[in-house]
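A structural walkthrough
Here's the letter readout for the chains.
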Amino acid sequence: MRYITGGIALGSALILGSLVGAGATASAAPAPAPAAQQSLYAPSALVLTVGQGDKAASAGVQRAVTLNCMPKPSGTHPDARGACDQLRAANGNFADITKVKSGTACTKEWNPFVVTAEGVWEGQRVKYEHTFANPCEMKASKGTVFEF
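Residues numbered from 1 in each chain as written. Predicted model: local features only at pLDDT ≥ 70, side-chain atom pairs only at ≥ 80, totals over all residues. Heavy atoms only, no water.

**Some words on the state of the cysteines**
Applying the stated criterion across every chain yields a total of 2 disulfides. Covalently, C69 is tied to C84 through a disulfide, its sulfur atoms 2.0 Å apart. Disulfide C69-C84: the torsion about the S-S bond is -90°, which places it as left-handed. Here C84 lies in helix α2 (residues 80–89) and C69 lies in the loop between β2 (60–68) and α2, a separation of 15 residues in the sequence. The pair C69 / C84 is uniform in exposure class, with both members buried. Note that C106 is cross-linked by a disulfide to C136, the S-S spacing being 1.9 Å. (Disulfide = S-S within 2.5 Å. Helix = DSSP H or I, 4+ residues; strand = E, 2+ residues; numbered from the N terminus. Buried < 20%, exposed > 50% of the residue type's maximum accessible area, 1.4 Å probe, protein only.)

Here it is, written out as structure tokens:
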């Protein structure tokens, strides 16, 4: 009889231990990220490149950075705040940013450089490409966004 009572006690302890252990495991598991933590701002995250060549598809990429503007400027861009400010001032219009400034004196050599922007700007997908005739034109017009 003593062995039966001990067996029942041991069985009960194992069952209770597994129930307590299961409760502890369930509460210790990391909770999935709640959907309520969405940003109040539309996403703005871009990959910017500068390459030598006349088209992005065939150009050799020399430099590339990331730029995030929401909720705060960040990324690998050396002046993320300035680049985000310039994009906001242009309402995200990359063509306005890459215009060659009037009065710029550059040679007429053909040594093309291409800049690209791909990603999301204020919730809208963006894919932009612009070719400058030479490094002088690029330097005169790329602004803060492509200055890296």
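**Some details on the sheet that holds strand β4 (residues 124–132)**
Pairing in this open sheet of 4 strands is antiparallel, and the strands run β2-β1-β3-β4 from one edge to the other. Both edges of this open sheet fall to β2 and β4, since each of them pairs with a single strand only. In this sheet, adjacent strand axes meet at a mean angle of 10° when their direction is disregarded. Pairing of strand β3 (residues 113–121) with β4, which is carried by 9 bridges, proceeds in the antiparallel orientation. In the strand pairing of β4, F113 is matched with F132. In this fold α2 packs onto β1 (45–52), β2 and β3, with an angle of close to 85° to the strand it touches most, β2. (Pairing = 2+ DSSP bridges. Axes fitted to C-alpha atoms, helices over the stretch in contact; angles between N-to-C directions. Contact = heavy atoms within 4.5 Å.)

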